Amino acid sequence: MELSPQVLAGWLRDFAADIATNEALLTDLDRQIGDADHGANMVRGTKAVAGLDPADFADARSFAKKAAMTLISTVGGASGPLYGTFLLRLAGALPADGTIDQAGWSTALRAGVQGVIDRGKAAAGDKTMLDALIPAVNAFEAEPEHPWQAAAEAAATGRDATIPMVARKGRASYLGQRSAGVADPGATSSALMLAAAARTLA
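Residues numbered from 1 in each chain as written. Predicted model: local features only at pLDDT ≥ 70, side-chain atom pairs only at ≥ 80, totals over all residues. Heavy atoms only, no water.

A. Expanded view of the overall build of the protein chain. The helix and strand inventory of the protein chain stands at 9 helices and 0 strands. The helix and strand sequence of the protein chain, counted from the amino end, reads α-α-α-α-α-α-α-α-α. A principal-axis box enclosing the C-alpha atoms of the protein chain has dimensions of 50 × 35 × 30 Å. Taken across its 202 residues, the protein chain has 50% of its residues classed as buried. Within the protein chain, counting contacts between residues at least 6 apart in sequence, those at least 24 apart form 68% of the total. Carbon and sulfur atoms form 54% of the exposed surface of the protein chain, whose accessible area is close to 8600 Å². Once the 18 positive and 22 negative side-chain charges of the protein chain are each reduced to a mean point, those two points are 9 Å apart. (Helix = DSSP H or I, 4+ residues; strand = E, 2+ residues; numbered from the N terminus. Buried < 20%, exposed > 50% of the residue type's maximum accessible area, 1.4 Å probe, protein only. Contact = heavy atoms within 4.5 Å. Areas by Shrake-Rupley, 256 points an atom, 1.4 Å probe, with all protein chains shown as cover. Lys, Arg positive; Asp, Glu negative; His and termini not counted. Charge placed at Lys NZ, Arg CZ, Asp CG, Glu CD.)

B. Focus on helix α2 (residues 23–33). Among all positions in α2, only L26, L29, D30 and I33 are buried. Here the buried residues of α2 occupy an arc of 95 degrees about the axis, which is enough to place them on one side. In α2, the exposed positions angled more than 90 degrees off the buried face are occupied by A24 and R31. Check the buried side of α2 and you find it contacts α1 (5–21), α3 (38–50) and α9 (185–200). (Arc of directions from axis to C-beta.)

C. View of the packing of helix α4 (residues 60–74) against helix α5 (residues 79–93). At a minimum axis separation of 7 Å, α4 and α5 run at an interaxial angle of 170 degrees. Considering the angle they form, α4 stands roughly antiparallel to α5. Taken together, the residues of α5 that come into contact with α4 (itself represented by R61, A64, K65, A67, A68, M69, L71 and I72) are G80, P81, Y83, G84, T85, L87, L88, A91 and G92. Of the residues in the contact of α4 with α5, the class split is 11 nonpolar, 4 polar and 2 charged. (Axes fitted to C-alpha atoms, helices over the stretch in contact; angles between N-to-C directions. Parallel < 35°, antiparallel > 145°, perpendicular 65-115°, else oblique. Nonpolar A, V, L, I, M, F, W, Y, C, P; charged D, E, K, R; others polar.)

D. Quick look at the pattern of salt bridges. Applying the stated criterion across every chain, the model contains 8 salt bridges. The partner of D118 in a salt bridge is R89, with the nearest N and O atoms 3.2 Å apart. Of this pair, D118 sits in helix α6 (residues 102–120) while R89 sits in helix α5; the two residues are 29 residues apart in sequence, bridging distant segments of the chain. Judged by relative accessible area, D118 falls into the partly exposed class, the value being 31%. (Salt bridge = Lys/Arg side-chain N within 4 Å of Asp/Glu carboxyl O.)

E. Structural context of the packing of aromatic side chains. Scanning the model with the defined rule gives 4 aromatic pairs in all. Summarising the aromatic geometry, the rings of F15 and Y83 are spaced 6.1 Å apart at their centres and angled 40 degrees between planes, so their arrangement reads as tilted. Here the residue F15 occupies a position in helix α1, and Y83 occupies one in helix α5, the gap between them amounting to 68 residues. This pair shows no difference in class: F15 is buried, exactly as Y83 is. Geometrically, the ring pair formed by F140 and W148 is edge-to-face, given 4.7 Å between the ring centres and 65 degrees between the ring planes. W148 sits in the buried class, given a relative accessible area of 5%. These aromatic residues form a ring-pair network of at least three members: W105, F140 and W148. (Phe/Tyr/Trp six-rings, centres within 6.5 Å; stacked < 30°, edge-to-face > 60°.)

Okay, here's the thing in structure tokens:
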């Protein structure tokens, strides 16, 4: 596909709309095992990104970098740096010529996920956004026909898999066993991000 600022803007605007629709859900999940601010924080940050004009950017990479810095500066909490780092690393791995194939997206997504790992010092099974992102990228790479749909479905499955987990990272980890029984808010918003990608980037 031809990658452009407009293509990435379409994805992130769709993500912002999903976040707005699910703000109450994200807030409720975070109320149970966190600070009760994930919904409001993500709405604020993704709305700011959705307000960026892709026409102001020369290429997709520069747009993604600006979107990343916008998330870091507006989301707040732990989620801002994590989502921002994901986009920043993804941007750095995007091709410069505007053409991207499945292998190129895979490289960019892997770079983004590694950024989250490096920033959050977390791993699969810690009950974080990585429990949606890691299986999503694995599924993306394994499905040649419909990689984005496979990634979205794997992210949703990963989100649901966090429900029985006991958190080992973040504020939820302070609750110990009481963190089980609730889906991780970050994994939930990450699944929304992949669902938006499946609709707009496929």
